[in-house]
Amino acid sequence: MKAFSMAIAITLGASFSVPAMAEDSCKVALCMFGLFSGVRDSECNSAIQSYFSILYYKHGKVKWSQTADRRMSALNSCPGADNDKMKKVNDKFGKSWGG
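Everything quoted here is computed from the prediction, not taken from an experiment.

Asks: How should the pattern of salt bridges be read in this particular structure?
Replies: Proximity of charged atoms lets side chains of opposite charge pair with each other. Applying the stated criterion across every chain yields a total of one salt bridge. Two residues, D91 and K87, come together in a salt bridge whose shortest N-O distance is 3.2 Å. Of this pair, D91 and K87 both sit in helix α5 (residues 83-93), four residues apart, which is roughly one turn of the helix. Residue D91 is classed as exposed on the basis of its relative accessible area of 54%. Judged by relative accessible area, which is 45%, K87 ranks as partly exposed.

Asks: How should the packing of aromatic side chains be read in this particular structure?
Replies: Scanning the model with the defined rule gives four aromatic pairs in all. With a centroid separation of 5.1 Å and 80 degrees between ring planes, the pair formed by Y51 and F52 is classed as edge-to-face. Y51 gets classed as buried once you look at its relative accessible area, which sits at 0%. Through a chain of ring-to-ring contacts, the aromatic side chains of Y51, F52 and F93 assemble into a single cluster. Positioned above the aromatic ring of Y51, the side-chain terminus of R71 is 5.2 Å from the ring centre.

Asks: Would you explain the nonpolar core in this entry?
Replies: Nonpolar side chains in soluble globular proteins tend to end up buried together. In terms of nonpolar packing, the biggest core is built from 17 residues, with M32, I48, Y51, F52, L75, M86 and F93 touching the most fellow members. For this core, the leading source of residues is helix α2 (residues 25-36), giving five residues. Contact partners of M86, with chain neighbours within four places excluded, come to A29, F33, M72, L75, N76 and A81.

Asks: Just to check I follow, could you spell out the state of the cysteines for this structure?
Replies: Put plainly, two cysteines are in a disulfide when a covalent bond ties their sulfur atoms together. By the definition in use, this model includes two disulfides. With a sulfur-sulfur separation of 2.1 Å, C26 is cross-linked through a disulfide to C78. An S-S torsion of about 100 degrees defines the bridge between C26 and C78 as right-handed. With C26 in helix α2 and C78 in the loop between α4 (64-76) and α5, this pair connects stretches of sequence that are 52 residues apart. By relative accessible area, which is 30% here, C26 ends up partly exposed. One disulfide bridge connects C31 with C44, the sulfur atoms lying 2.1 Å from each other. With the S-S dihedral at roughly -65 degrees, the linkage between C31 and C44 falls on the left-handed side. Of this pair, C31 sits in helix α2 while C44 sits in the loop between α2 and α3 (45-52), placing them 13 residues apart in sequence. Each member of the pair, C31 together with C44, is buried.

Parameters at a glance
- Per-chain numbering applies: the sequence of each chain, read as written, is numbered from 1 onward.
- Whole-chain, interface and lining totals are the exception, using all residues; otherwise, since this is a predicted model, local features are given only for residues with pLDDT of at least 70 and side-chain atom pairs are given and counted only at 80 or more.
- Each side-chain value is derived from all of the structure's non-hydrogen atoms; neither hydrogens nor water enter the calculation.
- A side-chain nitrogen of Lys or Arg and a carboxyl oxygen of Asp or Glu constitute a salt bridge if their distance falls within 4 Å.
- A run of DSSP states H or I qualifies as a helix once it reaches four residues; a run of E qualifies as a strand once it reaches two. Both are numbered from the N-terminal end.
- Exposure is judged per residue with a 1.4 Å probe applied to protein chains only, and the accessible area is read against the type maximum: over 50% gives exposed, under 20% gives buried, and values in between give partly exposed.
- Two aromatic rings from Phe, Tyr or Trp, using only the six-membered ring of Trp, form a pair when their centres are within 6.5 Å; if the ring planes differ by under 30 degrees the pair is stacked, by over 60 it is edge-to-face, and anything between is tilted.
- Any Lys NZ or Arg CZ found within 6 Å of a ring centre and within 35 degrees of that ring's normal is scored as a charge over the ring.
- Nonpolar core, defined: a set of buried Ala, Val, Leu, Ile, Met, Phe, Trp, Tyr and Cys residues in which side-chain atoms within 4.5 Å join the residues together.
- Every residue pair with non-hydrogen atoms within 4.5 Å of one another is taken to be in contact.
- Note on terminology: pairs of cysteine sulfur atoms within 2.5 Å are recorded as disulfides.

Here it is in structure tokens:
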């Protein structure tokens, strides 16, 4: 029974991603641009963590292209964000574990 439960958990976990952005999307965009520019404010820790918590898993492994796509969508969900700047941020951090 234990092996069966583990197999179910692995199967279900293989097709889900980690929770999407709970943080304000504009705060995340602003803080990630700050990180990109070399400025890391302690007030941004939760926003930066929120961005890096977006991970797409398939068969128990992180799929970096899909992760980067989802992170880009999260950055672009801020209506005032400059898409070109957000693309640069995502090009640098979209396929990494953290900044």
